[in-house]
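# Coordinate analysis (summary)
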Amino acid sequence: MTRIPQTPEFMRGVVNVRGSAVPVVDLRMKFGLGQVERTLNTRIVIVEIRRDDAVSVMGALADSVKEVLELETDRIDPPPRMGAAVRTDFIRGIGKHAERFILILDVDKVFSSDEIQDMSQLLGDVPPAGNASAQAASDEDFFR
C-alpha cells in the first residue's frame, strides 16, 4: 500500500489492482470505530461503487475474511429503526446465518458523492501503486 499525503484519515492509501491505483479505505475509521489492526488476517476487499452511470473501484480494509456466502432473501431483514439521531441509510439489511447476525452494507451509500469525486480526482495525479521504492517499509509488510 502506498500512502497519499493530505487525504482523509480513513483513506489509508492506494494499491495496485491490475495496473490501476485503487484507493483503500479503513471502514472502521469511516464509521468512527477506531483503526483496523494489522494482523495476519487483515484483508482488502475490493468493491465497486455505483453513482449514476459511473463505477468506482475501491478497497475496504477488513479485520479478517472468514467466508464468502450467499444469503437467501428470506434470511435478510430490513435495517433496524434506531431513531432520527442514528444514520442507517448505508445499511441494506441484517442477514442471519448460523445463529449469527450479519450487517449487510449498501456500499453505494457508504461514501458521499463528494468523497468519491475527491478520491477520483486525487488518483488522477497518482501513478499506479506497486513501485517498491515509493512505499514505506511499514506498508510493505502490511499484508504479508
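Preceding this paragraph is the structure being described.
So, here is what we can say about the structure in this document.

Parameters and conventions
- Residues numbered from 1 in each chain as written.
- Predicted model: local features only at pLDDT ≥ 70, side-chain atom pairs only at ≥ 80, totals over all residues.
- Heavy atoms only, no water.
- Pairing = 2+ DSSP bridges.
- Helix = DSSP H or I, 4+ residues; strand = E, 2+ residues; numbered from the N terminus.

What follows concerns the pairing of strand 6 (residues 91–97). Pairing of strand 5 (residues 76–77) with strand 6, which is carried by 2 bridges, proceeds in the antiparallel orientation. From the neighbouring strand, I76 faces strand 6, where its bridge partner is G95. Bridge analysis of strand 6 against strand 7 (residues 100–105) gives 6 bridges, and the strand direction is antiparallel. Its bridge partner lying in strand 7, K96 is registered against F101. Adjacent in sequence and paired antiparallel, strand 6 and strand 7 are bridged by 2 residues, among which A98 carries a positive phi angle near 50 degrees.

Relative to the helices and strands, M11 is located in strand 1 (residues 11–17). Sequence spacing of M11 and V25 is 14 residues, and the spatial spacing of their C-alpha atoms is 4.4 Å.

Before going further, it helps to spend a moment on the sheet that holds strand 5. Overall, antiparallel pairing links the 3 strands, which are arranged 5-6-7 in an open sheet. Only two strands of the sheet have a single partner each, and these edge strands are strand 5 and strand 7.

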